[in-house]
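Analysis of the macromolecular model
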Amino acid sequence: MTHLFAYEHFDNTGERLVYRPSFNVYDYEVQQLILEAERNIGALARLGLKSHPLKPTILRNAMVRTAHFTTKIEQNKLEFKEVEQLYQSYKKNPLTIKQKAQLEVKNVFETYEFIYTLDPSKDFSDMDEPVLKKIQQTLMNHLTGYPEGYRNIPVVLQDGDGHISYQPPGADEVPRLMQAYFSWLFTSVTGFMNPYETEKIHYDKKVHPLIIAAVTHHLIAYIHPFPDGNGRTARAFSTLVGLIHPDLATIKDAFSVEEYFDKRIEDYYDTLMAATQGDLKPFLIFYLECVNASLTKVLKELQRYDRIKHVRELLGKGHAKTMFELISRMEDGENFHRNLFDDILEASPSSIAKNISRLKELGVIKSGEGRGEYIVSIVD
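Being a predicted model, the structure only gives us computed values, none of them experimental. (Residues numbered from 1 in each chain as written. Predicted model: local features only at pLDDT ≥ 70, side-chain atom pairs only at ≥ 80, totals over all residues. Heavy atoms only, no water.)

What follows concerns the sheet that holds strand S6 (residues 335-337). Read across the sheet, three strands follow the order S6-S8-S7 without closing on themselves; strand pairing throughout is antiparallel. Where the open sheet ends on each side, the last strands, each with one partner, are S6 and strand S7 (365-367). If you compare each strand with its neighbour and ignore which way they point, the axes differ by 35 degrees on average. As paired elements, S6 and strand S8 (residues 373-376) share three bridges and run antiparallel to each other. Bridge pairing links Phe 336 to Tyr 374 in S8. This element, helix H15 (residues 349-361), spans S7 and S8 of the sheet and lies at about 110 degrees to S7. (Pairing = 2+ DSSP bridges. Helix = DSSP H or I, 4+ residues; strand = E, 2+ residues; numbered from the N terminus. Axes fitted to C-alpha atoms, helices over the stretch in contact; angles between N-to-C directions. Contact = heavy atoms within 4.5 Å.)

Now the structure itself:
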C-alpha cells in the first residue's frame, strides 16, 4: 500500500501554513521516558565525563558507532572494524569517488565534527535552515550530482520488495513546509510566537528538547526535503536539535542513538510510517527508548571502568587479580567456564576455587546455570 503525503500535522486552512505535530506532551509513557533520560543525563554529569580517563575511548567509540550505524541503515557494507580503521586515517589519506562506502563514512565523521562545534542552547542560528542544508551537503559531499539545497524533483520511498510505500510532498511544497517547521521549532525552543515578539514567553508552547529532536527526525523523513541523504540528515540534525538541552550538550559526542535505530530497524521504519499517517506517539516512544539505551551504555562503560579500577586495587597481586584481568575483557552478562582458568593458570584447583569465591564475593561474577559456569557481572 502506498501512503501519500496528506498534510498530517499541518494546518493548511488559513493564509499561512502552520506545523502542529500531533502528540500529547503530557502522555504518561512519554513523560516516564523523559524522566529516565534526565536521570541518565544527571548520572553522567555526576560521574564527570569531562575529566574521566576513559573519555578519549568513549568519544572515539561513539563517533565510530554513529558513522557505522547511520550508514549501515542506508545499506553501507563496511564492517565496524573497517569504520574504526578509517576513523584513524581519514584525515591523512584522501579518498576517491570509487571508494563510495568509505566516502559515506568519512562524510559522517566530518558532519558530526561540525555539529559538535555548534551550541544550539546558546545560539538559535546554530540550528536554522542554512545549518540543516550544510549538514545535508556535508553528508552527501562527492556522492551526488544533484544541486545543493532543497530538491526540485519528486522522490518516493520503497519497501524491501521495491514497492512504493510512501510518496512525500511535491518539490514545490518543500520550502513552505520547512518554513512552517522552523517556525514551530523557534516557538518550541524559546516560547516566543515569532522572532519579532520576544517580550512574553508562552511556557505552554515550550517543548522538551528530546521531544523536539524526535519530532524533527520524523519531520525531515516525512517531507524528504532533499534529493538524497534524507535519512542521514534526519538523524544528524535531530542530534543537533537535542543539544538544546544544556546538560546533554556537555556529553554530546559520547553516545550514539543511531546504533539503537539499527538494532531495532523494523520498529524504526514502522513507527516513522505510523507518524506520517498522524500517530506520532509510537515514534516518540521509540526515539526516547533509543536515547535512553545509548545513554545507559555510556553510563555502564564509565561505571565499569571505575568498578574495575576499584577491584584491581582490592585484589593487589596473585591469581585472583590475573583471573579478574581475564574477566574484565569480557562483556557483562557473558558466560564462561572455570576451565578458562584451569587452562591458563598454573594453580591448583583449590586455589582457583578459593579465588573464584573471592571474585563472587566482590560481585564481579555470579554462578551460571551449569556446574563450573559463571556469568560476568562487573556492572549488573
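Before going further, it helps to spend a moment on the confidence of the model for the protein. Scored by pLDDT, the protein has a mean of 92; 100% of the residues are at 70 or more. Put simply, helix H9 (residues 246-249) is where the protein has its lowest mean pLDDT, 84, and helix H5 (residues 129-139) is where it has its highest, 98. (pLDDT = per-residue confidence, 0-100.)

It is worth spelling out the packing of aromatic side chains at this point. Applying the stated rule across the entire model yields 26 aromatic pairs. Their ring planes at 40 degrees and their centres at 4.9 Å tell us that Phe 10 and Tyr 19 sit as a pair that is tilted. Each member of the pair Phe 10 and Tyr 19 is classed as buried. An aromatic cluster of three or more residues is present, and its members are Phe 5, Tyr 7, Phe 10, Tyr 19, Tyr 166, Tyr 181, Phe 182, Trp 184, Tyr 222 and Phe 237. For Lys 134, the ring lying beneath its charged end belongs to Phe 114, and the centroid distance is 5.0 Å. Its end group placed over the ring of Tyr 260, Lys 263 keeps NZ or CZ at 5.9 Å from the ring centre. (Phe/Tyr/Trp six-rings, centres within 6.5 Å; stacked < 30°, edge-to-face > 60°. Buried < 20%, exposed > 50% of the residue type's maximum accessible area, 1.4 Å probe, protein only. Lys NZ or Arg CZ within 6 Å of the ring centre and 35° of its normal.)

Let's shift gears to the packing of helix H7 (residues 209-223) against helix H11 (residues 265-276). Contact geometry for H7 and H11: axes closest at 10 Å, N-to-C directions at 75 degrees. By the angle class used here, H7 and H11 are roughly perpendicular. Between H7 and H11, the residues in contact are His 217, His 218, Ala 221 and Tyr 222 and Tyr 268, Leu 272, Ala 275 and Thr 276, respectively. Here the contact of H7 with H11 is composed, by residue class, of five nonpolar, three polar and no charged. (Parallel < 35°, antiparallel > 145°, perpendicular 65-115°, else oblique. Nonpolar A, V, L, I, M, F, W, Y, C, P; charged D, E, K, R; others polar.)

Another point: the nonpolar core. Grouped together as the largest cluster of nonpolar side chains are 90 residues, with contacts concentrated most on Phe 10, Ile 135, Met 178, Tyr 181 and Phe 237. In terms of nonpolar packing, the next biggest core, distinct from the first, is built from 21 residues, Ala 320, Phe 324, Leu 359 and Val 364 among them. (Core = buried A, V, L, I, M, F, W, Y, C linked by side-chain atoms within 4.5 Å.)

A word on the packing of H7 against helix H12 (residues 281-315). Look at H7 against H12: their axes get within 10 Å of each other, and the N-to-C directions meet at 120 degrees. Comparing the axis directions of H7 and H12 gives the class oblique. H12 is crossed by H7, and the crossing has right-handed handedness. Together, Leu 210, Ile 211, Ala 213, Ala 214, Val 215, His 217 and His 218 of H7 and Phe 283, Leu 284, Tyr 287, Leu 288 and Val 291 of H12 make up the contact between the two elements. Counted by class, the contact of H7 with H12 contains 10 nonpolar, two polar and no charged residues. (Left-handed = near helix turned anticlockwise from the far one by under 90°.)

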